[in-house]
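# Understanding the architecture of this molecule
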Amino acid sequence: MPPKLRRGATHWDGRRTDGQKEGFEEGFEEGREADDEAEELAQEVARTYPGGLPYPARPPANPEVGSPAVPPTIDDEDRKRLLLELRALVGASVQRLWLPSPRLCVLQLRLPGRSALAVIDARLRFAALVPERPTAPDSAPRSQATLRNALEGTRLSGAALVVPRDRRVASPRLEFGERVLIAEEALLCVETASGKILWASSGASRRPGSAYPGADEIPLGDAQPLTSRDRKVREALAAEEQAGVAARRKELVARLRTRVRKLGRTAAAVEEDAARAARAGEERARAELLLPLASRLARGSREARVPDWSRLDEEGRPMEVVIALDPSLSPAENAARWLRRAKRYRTAAERIATRREQVQAELSRTQALLARAETAQSADELAAVEAELPEAPPRSLRGRAAPRLPYRKFISQAGAPILVGRSARDNDALTFRVARGNDLWLHARGLQGAHVVVPGAGDSPDARTLGDAALLAAHFSAGRGEDRVEVAWTRCKHVRKAKGAPAGTVIVTQEKALRVRLEAERLAALLSTET
């Protein structure tokens, strides 16, 4: 029988792998969160700038063309002249790019002997050179990495003003060889050859994976340089700058409030230690009163009545003191514990006092920084506050996040581990880099799904473990929801990959098959063991 070709993890549209799907879904996820973030940011800006922005942060729709209205500061003639300046930088390489906000991209361009900063703004639909980078919060839109991977290291090959064929508004387009960056109501990165949208910023009506309708280019001509160019660009970016300041202030205030809360908890703990240190003398005195009589008291006593010769009554007799005891310890053990604690706190008293002063000073300093951050009105004021924050510890001290594993791990009824690939690329990693030759390998027969590996199964696989692994292979496949699924299994050494085959696609020999009934209770118990 010829070897069978099997597909790995389910493909998104029949052509793209899960890895590509993950990249495209970044844009989808960001778009879902955009409205809440924008509304919260708009409220923050309104509180900080009660006089209002130079124009609305979200311009009202123009009913005539169905697109955002353009403030009068930038018109199509201005766009042409600004793009002519950018066109003069053709050949410059993209060293780095940032997204200060989902609708604004800053590009650092490098030419021999000099560098330049350019922006492309989807809110006002213009692209221009700028003297400095607009203010941005510390956190960037999550899809920034996707756009960086697409454009960093490429070269600017053109700049044009275009009109999309399904709209009647002019938009700037920056060309980078095989890809272009277009600013409509949102930023779009489009593949030149196929017209496929590779990435879209939040708020975009066009989605990654769809086809861009194409656009007609408007000749730029040879217009003269824009009069009052710097002023116009500054005005155009003013609202973006203010929104960036508001977002950056919001992040800084949140960080400082978190630090104030942590320092408050630390201060409370230090105060508690200081109180215990102050009580250490009392515990020592209690132990010294108890020790002379400890041998006369029975284990399990809850209290002891002892004479205190340091305090006498009018007749010269010692005052009686009642001492509460821990009944699980003998009286002598109670006294020994008090003495140890008194010694420890007496030794630590000076260190506790020093620590209390340090924590209180740091708390007061952080509260002062928080007050300054809450009232800061400019990027410079925020930067001054940030400069006074304590330096973060080195990464090696803070610890690093555990590396992402290409599989999910479950435990069978017999206690054996079962590894399940997360995606098509992860299937390859699990089968060919993690698994060993004699490990068991399972896959839903004739269906798209995950690779499943049982490491260290030995010569005679445990029947319960094999059944649990087959159940997981059926569940993590296109057969999920069916009553019965046929699952193929073999040793990993009988699984190989053809040269140039798509991710997750393998050739299997010497396989066996078993039919699996998807039992809901057994599956739920198995899924609950994920570690």
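This text follows the structure it describes.
Residues numbered from 1 in each chain as written. Predicted model: local features only at pLDDT ≥ 70, side-chain atom pairs only at ≥ 80, totals over all residues. Heavy atoms only, no water.

### Quick look at the overall build of the protein chain
Just so we agree on the cut-off: In this text, helices come from DSSP runs of H or I with a minimum length of four residues, and strands from runs of E with a minimum of two, each type numbered from the N-terminal end. Under the scheme applied here, a residue whose accessible area is under 20% of the maximum for its type counts as buried, over 50% as exposed, and between as partly exposed, the area being computed with a 1.4 Å probe on protein chains only. Only the protein chains shown count as cover for residues, with accessible areas throughout obtained via the Shrake-Rupley method and a probe of 1.4 Å.
The number of helices and strands found in the protein chain is 10 helices and 23 strands. By residue count, 44% of the 531 residues in the protein chain fall in the buried class. For the protein chain, the computed accessible surface area is about 28,300 Å², with 49% contributed by carbon and sulfur atoms.

### Brief notes about the sheet that holds strand 4 (residues 93-101)
Heads up, the rule is: Pairing between strands requires that DSSP locate at least two bridges from one strand to the other. In this analysis, axes come from line fits to C-alpha atoms, helices being fitted only over the stretch in contact, and the angle between any two N-to-C directions falls in the range 0 to 180 degrees. Residues are treated as being in contact if the distance between any of their heavy atoms lies within 4.5 Å.
Taken in spatial order, the 4 strands make up an open sheet running 4-5-6-7, and their pairing is antiparallel. Each end of this open sheet is capped by a strand with a single partner; those strands are strand 4 and strand 7 (126-130). Each adjacent strand pair in this sheet contributes to an overall mean axis angle of 25°, direction not counted. Strand direction decides the pairing type here: strand 6 (residues 114-121) and strand 7, joined by 5 bridges, are antiparallel. In the strand pairing of strand 7, Ile120 is matched with Ala127. Sitting on the sheet, helix 3 (residues 144-151) touches strand 4 and strand 5 (104-111), and the angle it makes with strand 4 is about 160°.

### Describing the side chain of Asp121
Heads up, the condition is: Here a polar contact means two N or O atoms within 3.5 Å. Within protein one must be a hydrogen donor candidate and the other an acceptor candidate, and residues neighboring in sequence count only if both atoms are side-chain atoms.
With respect to the secondary-structure elements, Asp121 resides in strand 6. On the basis of relative accessibility, which here comes to 0%, the residue Asp121 falls in the buried class. In this structure the side chain of Asp121 is engaged in a polar contact, spanning 3.4 Å, whose partner is the backbone nitrogen of Leu124.

### Comments concerning the sheet that holds strand 20 (residues 484-491)
Here 6 strands make up an open sheet; going across it, the order is 16-17-19-18-20-23 and the pairing antiparallel. Edge positions in the sheet fall to strand 16 (407-411) and strand 23 (512-517), since each has one partner strand and no second. Taking each pair of neighbouring strands and ignoring which way they run, the sheet shows an average axis angle of 30°. Inspection of the sheet shows strand 18 (residues 440-444) paired to strand 19 (residues 452-454) by 3 bridges, in the antiparallel sense. Looking at strand 19, one finds that Trp441 is bridged to Val453. Packing against the sheet, helix 8 (residues 424-434) makes contact with strand 16, strand 17 (417-421), strand 18 and strand 19, and its axis sits at approximately 135° to strand 17.

### Side note on the packing of aromatic side chains
So the rule is basically this: In summary, the pairing rule links any two rings of Phe, Tyr or Trp, Trp by its six-membered ring, whose centres are within 6.5 Å, and it sorts them by plane angle into stacked for under 30 degrees, edge-to-face for over 60 and tilted for everything else. Whether a charge sits over a ring comes down to the Lys NZ or Arg CZ being within 6 Å of the ring centre and within 35 degrees of the ring normal.
Applying the stated criterion across every chain, the model contains 1 aromatic pair. With a centroid separation of 6.0 Å and 40° between ring planes, the pair formed by Phe410 and Phe476 is classed as tilted. Note that Phe410 is positioned in strand 16 and Phe476 in the loop between helix 9 (463-475) and strand 20, a separation of 66 residues in sequence. Overall, Phe410 belongs to the buried group, its relative accessible area being 0%. Accessibility expressed as a relative area gives 14% for Phe476, which makes it buried. One cation-aromatic arrangement involves Arg286 over Trp338; the distance from NZ or CZ to the ring centre is 4.6 Å.

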